[in-house]
Amino acid sequence: TPPNLPNLPNLDGAPPADTISIASLNLDHQTSFEKVVHDFEAAPRVSHADIILLQEVSHVEGGPSIASRLADRLGYQVAFAPEGKNVYDRGLAVVSKFPIEESKVEWLTPYNLVFKTRHRFALAVKLRVPSGELRIWNAHLDTRINPEQRLGQLQPVMDEAAKLTGPRLI
């Protein structure tokens, strides 16, 4: 480590066997599966993650999403949801080596931002991991609102998570 820099985490290789590793990536509307795979494989800790949360996932009308193709390549399962009808570059996905038992879309509190306002959502999944059940909500929040508004935007998810027991990740 260079002087005056903190010790950085080891991002090479796979995580220890007794852990579950989770990575979150914004695909930035990328439509080239080959580019996604290239970038994904260039980051070993990401490419070996047990669960991958993806935002701004592209798909083609009537065809598979980038996330579905990535899951197929890895031998993983996938839950994918587009932002809405006729929206092909802003989906959310959970790619998991563990079985996905349920998935659903949960709409978040909307904010009118005047320009490029989107109706944000979370993709909620229930996974079966070695220790039991794990609930995950993958969300892509507005960047043009303040932290308090972001918490407000997530309130429906936090309310649902509070009603559940066991491990939960938002």
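Residues numbered from 1 in each chain as written. Predicted model: local features only at pLDDT ≥ 70, side-chain atom pairs only at ≥ 80, totals over all residues. Heavy atoms only, no water.

Trainee: Let's hear about the nonpolar core: which residues, and what values?
Mentor: Among the nonpolar cores identified, the biggest contains 18 residues, and Leu 27, Ile 52, Leu 54, Val 57, Ile 66, Ala 67 and Val 95 are the most heavily contacted of them. The set of elements that each furnish at least two residues to this core consists of helix 1 (33–41), strand 2 (51–57), helix 3 (66–74) and strand 4 (91–96). In this structure, Leu 54 is in contact with Leu 25, Leu 27, Ala 67, Leu 70, Gly 91, Leu 92, Ala 93, Val 95 and Asn 138, ignoring residues within four places of it in sequence. If you look at the next biggest cluster of nonpolar residues, it comprises 15 residues, including Ile 51, Leu 123, Val 125 and Leu 134. (Core = buried A, V, L, I, M, F, W, Y, C linked by side-chain atoms within 4.5 Å. Buried < 20%, exposed > 50% of the residue type's maximum accessible area, 1.4 Å probe, protein only. Helix = DSSP H or I, 4+ residues; strand = E, 2+ residues; numbered from the N terminus. Contact = heavy atoms within 4.5 Å.)

Trainee: Outline the sheet that holds strand 6 (residues 121–129), supporting the account with residue identities and numerical values.
Mentor: Reading across from one edge, 5-6-7-8 is the order of the four strands in this open sheet, with mixed pairing throughout. This sheet does not close on itself; its edge strands, each paired only once, are strand 5 (100–107) and strand 8 (168–169). The pairing of strand 6 with strand 7 (residues 132–139) spans eight bridges and is classified as antiparallel. The partner of Leu 127 across the bridge, within strand 7, is Leu 134. (Pairing = 2+ DSSP bridges.)

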